[in-house]
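Now for the letters of each chain:
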Amino acid sequence: MAFTRATGKHRAPKRLTRTGAKALGVATLATTGVIGSLASPALAADAGKAPAATETGLSQILTIENALADRIDAQADVQQEQADTAEREAAAAAEAKKEAAAKKKAAARKAAAKAAAAKAKAAAAKEADAARDASARATRSTARTSLGASYQLPIAGSYVTTGYKSSGALWSSGSHSGIDFHAASGSSVVAVGAGTVVEAGWGGAYGNNVVLRMADGTYTQYGHLSSIGVSVGQSVGAGQRIGFSGSTGNSTGPHLHFEARTTPSYGSDLDPIAYLRAHGVGV
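Residues numbered from 1 in each chain as written. Predicted model: local features only at pLDDT ≥ 70, side-chain atom pairs only at ≥ 80, totals over all residues. Heavy atoms only, no water.

Quick look at the overall build of the protein chain now. Scanning the protein chain from N- to C-terminus turns up five helices and ten strands. Within the protein chain, the proportion of its 283 residues that are buried is 27%. Put simply, the protein chain shows about 17,100 Å² of open surface, and 60% of that area lies on carbon and sulfur atoms. (Helix = DSSP H or I, 4+ residues; strand = E, 2+ residues; numbered from the N terminus. Buried < 20%, exposed > 50% of the residue type's maximum accessible area, 1.4 Å probe, protein only. Areas by Shrake-Rupley, 256 points an atom, 1.4 Å probe, with all protein chains shown as cover.)

What follows is the structure in structure tokens.
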């Protein structure tokens, strides 16, 4: 059986208060003769003497009631403590839930900020890559334009007398690996573009020859020279003289043999007319 104890000003009186009230009630009952009427006949016959409370059954009633009141008070105290504990636990749980929600919200904000920063960083990197690519394209375009504008004929005002891949017994391969430019002996021969000398000397059937590695990675060759004016490792600019025309090597007369190549060696030839035209030279 559960008992609920009142709180505050309506709370039941303590044991001492209840005991005092009950004692006062017993005295009142004794004065009015009620106790006398409840007493045994032997006690009632005793004239002029009121029986004591301990001499009646009321003492047992008071003892039982006091014990019961003590049990009620004890159980009420336990229930109150349980209620207080439950209230504290509920408040603590609510506070913990509130803190967890705040932490979750803060973590979400942090994650959102991190994601936004990563997205911005990726966008910035993409823009930087695009800017670098655009700059590189512009640089390459400028370089090509510069190279094309600076290229020129190896002999000023000359023209082609023998075309590329012309056939005949004059060439060991059966066809011409370059083109021949008209040139009187001793005409100035210049680099068609900027480059570095990788070969300068006797070239067998080519006679005195010069091979340049051009700025774009290709190679050009100048053969049958009467004399050479550069040395290996030397850098030359477009239009810089590298020697004089002649008829050295396997040659039938003064002219300039010109080749465009992918490597410095024989057999890697390109169409020299297409090569010069690609670099802006009218030929």
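With that out of the way, let us pick up the nonpolar core. Core analysis: the biggest nonpolar cluster contains 24 residues, and V210, L212, Y222 and I242 have the highest contact counts within it. Secondary structure elements with two or more residues in this core: β2 (179-182), β5 (208-214), β6 (219-228), β9 (255-261) and α5 (272-278). Leaving out residues up to four positions away in the same chain, L212 has contacts with A191, T196, V197, V198, T218, Y219, T220, Y222 and V236. (Core = buried A, V, L, I, M, F, W, Y, C linked by side-chain atoms within 4.5 Å. Contact = heavy atoms within 4.5 Å.)

A word on the environment of L153. In this fold, L153 is placed in the loop between α4 (58-150) and β1 (160-162). Among the residues examined, L153 registers a relative accessible area of 16% and is labelled buried. Each C-alpha atom, one on L153 and one on V192, is 5.8 Å from the other, the two residues being 39 residues apart in sequence. Discounting residues that sit within four places of it in the chain, L153 has contacts with S158, F181, V190, V192, V281, G282 and V283.

Next up on the list: the pattern of salt bridges. Between side chains of opposite charge, pairing is possible as soon as their charged atoms come close. Tallied over the entire structure, the rule returns four salt bridges. In this structure, R132 engages D129 in a salt bridge whose closest nitrogen and oxygen atoms are separated by 2.0 Å. Of this pair, R132 and D129 both sit in helix α4, three residues apart, roughly one helical turn. Accessibility expressed as a relative area gives 34% for D129, which makes it partly exposed. Across the pair K165 and D269 runs a salt bridge whose closest N-O atoms are separated by 3.5 Å. Taken together, the positions of K165 in the loop between β1 and β2 and D269 in strand β10 (residues 269-270) put the pair 104 residues apart, joining distant regions of the chain. Given a relative accessible area of 46%, K165 falls into the partly exposed group. (Salt bridge = Lys/Arg side-chain N within 4 Å of Asp/Glu carboxyl O.)

Mapped onto the secondary structure, E259 falls in strand β9. The exposure class of E259 is buried, given its relative accessible area of 0%. Within the local environment of E259, its side chain forms a polar contact with the side chain of H257, the two groups lying 2.8 Å apart. Excluding residues within four positions of it along the chain, E259 makes contact with S177, G178, Y206, Y219, T220, Q221 and D269. (Polar contact = N/O pair within 3.5 Å; in protein donor to acceptor, adjacent residues only side chain to side chain.)

Moving on: unusual backbone geometry. Trans is the common state for peptide bonds, and a negative phi is the common state for residues other than glycine. Although it is not a glycine, K165 adopts a positive phi angle of roughly 65°. Not every positive phi belongs to a glycine, and H224 is a case in point at roughly 65°. With respect to the element layout, H224 can be found in strand β6.

Inspection of the entire model under this criterion finds three aromatic pairs. Between the aromatic rings of F181 and F258, the centroid separation amounts to 6.3 Å while the plane-to-plane angle is 70°, which identifies the pairing as edge-to-face. Of this pair, F181 sits in strand β2 while F258 sits in strand β9, and the two are 77 residues apart along the sequence. What makes F258 buried here is its relative accessible area of 0%. Ring geometry for Y222 and F258: centres 5.5 Å apart, planes at 65°, overall edge-to-face. Of this pair, Y222 sits in strand β6 while F258 sits in strand β9, and the two are 36 residues apart along the sequence. There is no split in this pair, since Y222 and F258 are both buried. Three or more aromatic residues joined by ring pairs form one cluster here, namely F181, Y222 and F258. (Phe/Tyr/Trp six-rings, centres within 6.5 Å; stacked < 30°, edge-to-face > 60°.)

Residue D269 is classed as buried on the basis of its relative accessible area, which comes to 18%. C-alpha separation for the pair D269 and E259, spaced ten residues apart in sequence, amounts to 6.7 Å. Beyond its immediate chain neighbours, meaning those up to four positions away, D269 contacts Y164, K165, S177, E259, A260 and R261. In this structure the side chain of D269 is engaged in a polar contact, spanning 2.5 Å, whose partner is the side chain of Y164.

Attention shifts here to the pairing of β6. The element β6 is extensively covered by neighbouring structure, given that seven of its ten residues are classed as buried. One ladder, built from five bridges, connects β5 with β6; its direction is antiparallel. When the bridges of β6 are listed, L212 appears paired with T220. Following β5, the chain reverses through four residues before pairing antiparallel with β6; G217 in that reversal takes a positive phi of roughly 95°. Sheet topology note: the β6/β9 ladder contains five bridges and is antiparallel. (Pairing = 2+ DSSP bridges.)

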